[in-house]
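Each chain, written out:
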Amino acid sequence: MRIVYVIGTRPNFVKMAPVIGALRARLPEGRHAIVHTGQHYDRPMSEVFLEQLGVPAPDHMLEVGSGSHAQQTARVVERLEPVLEEERPDLVMVPGDVNSTVAAALTAAKMQIPVAHIESGLRSFDRTMPEELNRIVTDQLSDQLFIHSPEADDNLHAEGISAERIHLVGNTMIDTLVALQDRFRAAGSAGRLGVEPGRYVLVTLHRPALVDGPLLAATIERLATLAREMPVVFPVHPRTRSMMEAIDSEHPGLLLCDPLGYIDFLSLVADAGAVLTDSGGIQEETTYLGIPCFTLRDNTERPITITAGTNTLLGLDPAAIAQLPVALAQRPSNRPEPPPLWDGHASKRIADVVAS
Ligand code: UD1
């Protein structure tokens, strides 16, 4: 069996790494070719992750880089086609919901190569999010849809996708977390940044709706106020960094840093008093780890993190950051169980389905 795995961004690496490992172990005679689109290319956004996650060096680098949605998507389509012609895979596997995901699914489907989508069926029902369009199109084009929560099943059925294509396998992002838990728990990143475990808020912000317009300055102001009560650690995504150049972001207690590798970042999540984010994956990682998560968005494609996890939707409203200290003080102290099948073995279940 010949499999091509297409990855391109930070969260893709985390979701795909254990799947590549499980399939290489299950099908040792097969061809396992990794294509890196190059959507993320800075060392801390790409190489550091691949190294820490144990992903073998990619067989093909497409080097698509940054650009508009159309440019980025088109470059992946154009550069992936000859790679798939050369590799002649029986299956192309794509994770998540980024531009590289939808572009790879489209290229493979047009070449009549079966597509498997990891983390299928998530819906925010907000088509202003580029990721929502990527999810819908990728799922329509996919032959095997691997899902990690029951609502994904309902979403896919509602879009006319037949049950035999859908496999509830669990969460591969949590497989990575479980596999590297000992390492990140021993990493002590909080101490190195000079903050005390349990006594800081960890922040990540990168969605265009929040960081590409006036809401960013208002958010930094609210974070500065919060930082007077509790240190705020904020590793800044490159998109956000470029938008922050025009904003005064030097405030006591607000600790800005460059993007962190997987081990350092998960160490900070695991030791945080709370996390404030607009990321999708971090809503899941905090749910697994039992860390309070506050999501600065109007919606989430991951409602299970609210119903069964530790996530609270604050809305796309910087003023809501002021609620954090009270919300934290009022939280029940018991830690919910992680959702079913978020257990570290999702990739093995995917390998079982693919191998059969
Ligand atoms: C992308 C995904 C988003 C995902 C996020 C994770 C899409 C539509 N968006 O958003 O769903 O949550 O990745 O991080 O696919 N840049 C660098 N160095 C890099 C990568 C990016 O400087 O290595 C800068 C560039 O200025 C670029 C900007 O960040 O224009 C945005 O990068 P891009 O990949 O377009 O989108 P993200 O915001 O990273």
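So, a few notes on the structure that sits alongside this text.

What counts as what
Residues numbered from 1 in each chain as written. Predicted model: local features only at pLDDT ≥ 70, side-chain atom pairs only at ≥ 80, totals over all residues. Heavy atoms only, no water. Near = heavy atom within 4 Å. Polar contact = N/O pair within 3.5 Å; in protein donor to acceptor, adjacent residues only side chain to side chain. Areas by Shrake-Rupley, 256 points an atom, 1.4 Å probe, with all protein chains shown as cover. 1 Å grid on protein atoms, 1.4 Å probe; cavity = no way out; pocket = protein on both sides within 12 Å on 5 of 7 lines; lining within 4 Å. Sits in = over half its atoms within 2 Å of the grid points. Helix = DSSP H or I, 4+ residues; strand = E, 2+ residues; numbered from the N terminus. Nonpolar A, V, L, I, M, F, W, Y, C, P; charged D, E, K, R; others polar. Buried < 20%, exposed > 50% of the residue type's maximum accessible area, 1.4 Å probe, protein only. Core = buried A, V, L, I, M, F, W, Y, C linked by side-chain atoms within 4.5 Å. Pairing = 2+ DSSP bridges. Axes fitted to C-alpha atoms, helices over the stretch in contact; angles between N-to-C directions. Contact = heavy atoms within 4.5 Å. Phe/Tyr/Trp six-rings, centres within 6.5 Å; stacked < 30°, edge-to-face > 60°. Parallel < 35°, antiparallel > 145°, perpendicular 65-115°, else oblique. Left-handed = near helix turned anticlockwise from the far one by under 90°. Points joined across faces, edges and corners; volume = space filled by probe spheres on them.

**Considerations on the site of the ligand**
Move 1: Near the ligand lie 17 residues; those nearest to it are H40, D42, E131, H206 and R239.
Move 2: Residue Q39 places a side-chain N or O atom 2.8 Å away from an oxygen atom belonging to the ligand.
Move 3: Between the ligand and the protein, one listed contact pairs an oxygen atom with a side-chain N or O atom of H237 at 3.0 Å.
Move 4: The protein chains hide 86% of the 750 Å² of surface that the ligand would expose on its own.
Move 5: If you map the ligand onto the pockets, it falls in the largest pocket.
Move 6: Every element with two or more residues in the shell around the ligand is listed here: α3 (69-87) and α11 (238-244).
Move 7: Across the shell around the ligand, the residue classes break down as 5 nonpolar, 8 polar and 4 charged.

**A look at unusual backbone geometry**
Move 1: In this structure, E63 is a non-glycine residue whose phi angle is positive, near 50°.
Move 2: Judged by its relative accessible area of 60%, E63 falls in the exposed class.
Move 3: Backbone geometry at R88 places phi at a positive 45°, although glycine is not the residue there.
Move 4: With respect to the element layout, R88 can be found in the loop between α3 and β4 (91-95).
Move 5: Since its relative accessible area comes to 55%, R88 is described here as exposed.

**Description of the nonpolar core**
Most often, soluble globular proteins have nonpolar side chains that are buried together.
Move 1: If you look at the biggest cluster of nonpolar residues, it comprises 54 residues, and the most contacted ones within it are L23, L53, M93, L202, Y262 and L289.
Move 2: No other element matches helix α1 (residues 10-26), which puts 8 residues into this core.
Move 3: V201, L210, A227 and A320 belong to the second largest nonpolar core, which has 25 residues in total.

**Describing the sheet that holds strand β11 (residues 274-277)**
Two orientations exist for strands paired in a sheet by backbone hydrogen bonds: parallel and antiparallel.
Move 1: Reading across from one edge, β10-β9-β8-β11-β12-β13 is the order of the 6 strands in this open sheet, with parallel pairing throughout. Pairing within the sheet leaves two strands with one partner each, and these edge strands are β10 (254-257) and β13 (311-313). On average, adjacent strands in this sheet sit at an angle of 20° to one another, irrespective of strand direction.
Move 2: Bridge count between strand β12 (residues 293-295) and β13: 3 bridges; the pairing is parallel. Paired with T295 across the two strands is L313, which belongs to β13.
Move 3: Most of the contacts of helix α12 (residues 262-271) go to strand β8 (residues 201-204), to which it runs at about 135°, and overall it touches β8, β9 (232-235) and β11.

**Some points on the packing of aromatic side chains**
Move 1: Across all of its chains, the model carries 1 aromatic pair by this definition.
Move 2: Measuring from centroid to centroid gives 6.4 Å for F49 and Y262, while their planes differ by 75°, and the two rings are edge-to-face. Of the two residues, F49 is situated in helix α2 (residues 47-53) and Y262 in helix α12; the sequence distance between them amounts to 213 residues.

**Description of the packing of helix α7 (residues 172-185) against helix α13 (residues 281-289)**
Move 1: Relative to each other, α7 and α13 sit at 60°, their axes nearing to 11 Å. If you check the angle between α7 and α13, you find them oblique. In this structure, the crossing between α7 and α13 has a hand that is right-handed. Between α7 and α13, the contacting residues are M173, I174, L177, V178, Q181, F184 and R185 on the first element and G281, E284, E285, Y288 and L289 on the second.
Move 2: In terms of residue class, the contact of α7 with α13 is built from 7 nonpolar, 2 polar and 3 charged.

**Considering empty space enclosed by the protein**
Move 1: Per the counting criterion, the structure on display carries 1 cavity of 30 Å³ or more.
Move 2: Counted as a void, the largest cavity has a volume near 60 Å³.
Move 3: Every residue lining the largest cavity is listed: K15, I118, E119, F146, I147, H148, V169, G170, N171, T172, M173 and I350.
Move 4: Elements that contribute at least two residues to the lining of the largest cavity include exactly β6 (144-147) and α7.
Move 5: Split into classes, the residues belonging to the lining of the largest cavity amount to 6 nonpolar, 4 polar and 2 charged.

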